[in-house]
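# Reading the structure
The residues making up each chain are set out below.
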Amino acid sequence: MRQTHINVCPHDCWDTCSMQVTVENGKAVKLRGNPEHPVTKGFLCVKVNHYLDRVYHKDRVLYPMKRIGAKGEGIFERITWNEALQVVTDRFKQIIAEEGPEAILPYSYAGTLGLLNFASMDRRFFNKMGASQLERTICSAAGSVALDVTYGTRMGIDPEDMVYSKLIIVWGVNPLTSNVHQFPIIEEARKRGATFVVIDPYRHETAEKADIHIQPLPGTDSALALGIMHLLIKGDHVDHSFIKKYVQGYDELKVRVEEYTPERTAKITGLREEEIVQLAQLYATVRPSVIRAGYGIQRHTNGGEIIRNMSILPALIGAWEERGGGFLLSNSKAYPTNSDRLTRPDLLQGNPRMINMNQIGEALLNAEPPIKSMYVYNSNPACVAPNQNKVIKGLMREDLFLVVHEQLMTDTAKYADILLPATTQLEHWDIHPSYWHLYIQLNEPAIQPLGEAKPNTEVFRLLAKGMGYTDPCFNDSDLDLIRQALETDHPHYRGITLESLLEKKYIKLNVEDEYFQPYKKGFPTSSGKIEVKSEKVKELGLEDIPNYHPLKESREGNPELYRKYPLAFITPAAKHFLNSTFGNIDVLKRREKEPTVFLHPLDASARGIEDGDQVRVYNDRGECILTARVGNKTRPGVAISPSLWWGKNVNQTTSDALTDMGRGATFHTNLVQVEKID
């Protein structure tokens, strides 16, 4: 018995790949990129190539278990699902009776991006309960708010149209690690004559292939954008017609950017003046041009400001009016899914408090009233959340009832009181939009669930029954949920139904024109224009006209802290891991080799560090032990560690401070010192 199934990669990645899975006698034996999918084109990233190693891993959680050892030891005994559900619901009822429902907190994020298992039955359950709400802002919150206040939504160009671009600026992202299907598009554009520029402090593999690589100091990107604006306006390289019709606040912006001369911009960014002038000249003269922005760049204390300033650049030159021109951070709002039908906010009981997921360590230790129970799914906070020492200390609380629904024995799972087995993507139904390309995709089960694993949707149906919740919505099947997600009259979804997806597996969103033009009918802001001057930004307590503000941990932002910890420490994605996902796959660990930190020769020499030395990277929050790699991967003053490894890792040092917009994570605003270990 040999069958082929079409599945969807579930992970937190732009590509949202279509996978072709071969099943023999009920076991998945082969997995590859779907050769018929217009974006996947037959190949997957190095990580997901080994997805079957995850499905059949020796540490797969296959049965419900309860803790019998100390917290963190990972010692459990098997129990039945009935026992597990009884323990969880009895404890939930007890906590609600004694402390109130806010003493219970769900903690989840993007372990899967399928609409059903990411946010559907789970939200219904915790809304009905009246549990504390989780502010899910660890990834893209700052940039999301920045684009919402400037453009009114989060849409950019169709990435497939970047083959028409003549200038591609990849700013703060490494496609060959984090967006592998972007790179063939870039290469096709280069064959057609495009110039390829990378802006990133990290000289990663994509930067090494660029025509031009510019390495600003971390967190100074908003100043670089203002410096480019200065030269565009001074040289009259702006599209006055587009600005008059579509830009609000241009005159005020002109005044603001007068101060961002090449000299001042160079001083802030650590770049040479001629680099800034060359970049501005390219942007002024080469059309069409696109800025492809990354998510990591917003994980600074000024992260919203960075994305806002970058996104204004195409407005000044009218780049949106050409195919292959504009800006792309996210296309998440191109998918008008009926999220209210999935999550049922109308079920919400009372007005429960909001807990920010980036500050989960602080919340577990000091929230009032205390968090008495946490239910973790689709996430591994012991590994991925900032300020790791605080998080671990919070998870060690004996009075914290921790339930973890997980596929593998992760760092967080080891602290669970009740551990529940979760299905993988090959074992459940789901539906997937993308935040990059424009194809919506259906995921069907390719194999039966291993052991007694259950998807999130089924577990929350069972928990709802155990809690006595009788609302009919808790009886909706997975196929019911998919239909509800598609209940919208938006033209992008015209003709897209469960039945059409069952037949075709993936369908491109309906675009009325020859190509995707997200702002052809104007901008969905209150003014109908790109709001360079923004009242909404002012309401956030920030300047209504774009400006640059130094990082709160930097030489400019905190000179005293900088004298103690003089290296900016950034932790971009490792090539072979995706956050903490795949961190226990042996072949990928071997390829990633070991936890490392890249140092510039000047910084290494000043500390007596040579290539291959073991070093301690530390600040007041914590420390981690890494292997030093000395060379040109970074610039002076910047230490870089590809992440994340399981166990005690770089998040020992990261801050739980929040971004200027969106209350997001600030992983890359992080000053440290590095010393050699004898």
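Everything here concerns the structure above.
I will try to describe carefully the structure that is included in this document. Numbers given to residues run from 1 along each chain, matching the order in which its sequence is written. Local features in a predicted model are, by the rule used here, given only for residues with pLDDT of at least 70; side-chain atom pairs are given and counted only at 80 or more, and totals for whole chains, interfaces and linings are based on all residues. Side-chain figures throughout are based on the complete set of non-hydrogen atoms in the structure, without hydrogens or water.

To continue, consider the overall build of the chain. Runs of H or I in DSSP of at least four residues are treated as helices and runs of E of at least two as strands, each being numbered from the N terminus. A count of helical and extended segments in the chain gives 25 helices and 27 strands. Its C-alpha atoms give the chain a radius of gyration of 25 Å, near enough to 26 Å, the size a compact globule of 678 residues would have. C-alpha atoms of the chain, sized along the principal axes, occupy 70 × 65 × 50 Å. A simple rule labels every residue: compare its accessible area, found with a 1.4 Å probe on the protein chains alone, to the largest value its type can have, and call it buried under 20%, exposed over 50%, or partly exposed in between. Relative to its 678 residues, the chain shows a buried fraction of 64%. Every residue pair with non-hydrogen atoms within 4.5 Å of one another is taken to be in contact. Sequence-distant contacts in the chain: of pairs separated by 6 or more residues, those separated by 24 or more amount to 76%. Per-residue and other accessible areas follow the Shrake-Rupley method at a 1.4 Å probe size, with only the shown protein chains counted as cover for residues. For the chain, the exposed area adds up to about 25,100 Å²; of that, 47% sits on carbon and sulfur atoms. Charge assignment: positive for Lys and Arg, negative for Asp and Glu; neither His nor the chain ends contribute. The atom standing in for a charge is NZ when the residue is Lys, CZ when it is Arg, CG when it is Asp and CD when it is Glu. Averaging the positions of the 80 positive and the 85 negative side-chain charges in the chain gives two centres separated by 2 Å. The globule rule used here is 2.2 Å times the number of residues to the 0.38 power, and the radius of gyration it is set against is calculated over C-alpha atoms.

Okay, the pattern of salt bridges next. Opposite charge on two side chains lets them pair, provided their charged atoms get close. Here, a salt bridge means any Lys or Arg side-chain nitrogen found within 4 Å of an Asp or Glu carboxyl oxygen. The full count for this structure, using the stated rule, is 47 salt bridges. Arginine 60 is the salt-bridge partner of glutamate 427, the closest N and O atoms lying 2.9 Å from each other. Taken together, the residues glutamate 427 in the loop between strand E17 (418–421) and strand E18 (430–432) and arginine 60 in the loop between helix H1 (51–55) and strand E4 (65–67) connect sequence positions 367 residues apart. For the pair shown, glutamate 427 and arginine 60 are each scored as buried. Two residues, aspartate 399 and lysine 372, come together in a salt bridge whose shortest N-O distance is 3.2 Å. Taken together, the residues aspartate 399 in the loop between helix H18 (388–395) and strand E16 (401–406) and lysine 372 in the loop between helix H16 (360–366) and strand E15 (373–377) connect sequence positions 27 residues apart. Three or more residues joined by partner-sharing salt bridges are found here, namely Arg67, Lys71, Glu398 and Asp417.

Note on aromatic pairs: each is described by the distance of the centres and the angle between the planes. Planes of paired rings set the category: under 30 degrees apart is stacked, over 60 is edge-to-face and the rest tilted, where pairs are Phe, Tyr or Trp rings (Trp by its six-membered ring) whose centres lie within 6.5 Å. Within the structure shown, the criterion is met by 26 aromatic pairs. Relative to tyrosine 246, the ring of phenylalanine 242 lies with its centre 5.0 Å away and its plane at 50°, an arrangement referred to as tilted. Of this pair, phenylalanine 242 and tyrosine 246 both sit in helix H10 (residues 240–246), four residues apart, roughly one helical turn. Judged by its relative accessible area of 3%, phenylalanine 242 falls in the buried class. Looking at tyrosine 246, the relative accessible area reads 13%, which means it is buried. Ring centres of tryptophan 320 and tyrosine 519 lie 5.1 Å apart, and the angle between their planes is 85°; on these two criteria the pair is classed as edge-to-face. With tryptophan 320 in the loop between helix H14 (303–317) and strand E13 (326–328) and tyrosine 519 in the loop between strand E20 (506–508) and strand E21 (530–531), the pair connects residues that are 199 residues apart, well separated along the chain. Exposure class is identical for tryptophan 320 and tyrosine 519. Each is buried. The rings of Phe125, Phe126, Tyr375, Tyr377, Phe460, Tyr469 and Phe474 are connected pair by pair, giving a single aromatic cluster. Placement of a positive charge over a ring is assigned whenever Lys NZ or Arg CZ falls within 6 Å of the ring centre and within 35 degrees of the normal to the ring plane. Here the guanidinium or amino end of lysine 27 rests over the ring plane of tyrosine 56, the centre of that ring lying 5.1 Å away.

Here threonine 627 shows up in strand E25 (residues 623–630). You can call threonine 627 buried: its relative accessible area is 3%. Pairs of N or O atoms within 3.5 Å make up the polar contacts considered here, provided that, within protein, one atom can donate a hydrogen while the other can accept it, and that residues adjacent in sequence are counted only when both atoms are side-chain atoms. Polar contacts involving the side chain of threonine 627 include one to the side chain of glutamate 594, which spans 3.0 Å.

Only buried residues count toward a nonpolar core, which is a set of Ala, Val, Leu, Ile, Met, Phe, Trp, Tyr and Cys residues joined through side-chain atoms within 4.5 Å. Counting residues in each nonpolar core, the largest one holds 169 residues, and the members touching the most others are Phe125, Trp171, Met374 and Tyr375. With nine residues, the top contributor of residues to this core is helix H9 (residues 221–234). Membership of the second largest hydrophobic core comes to 27 residues, among which are Cys9, Tyr51, Leu52 and Val180.

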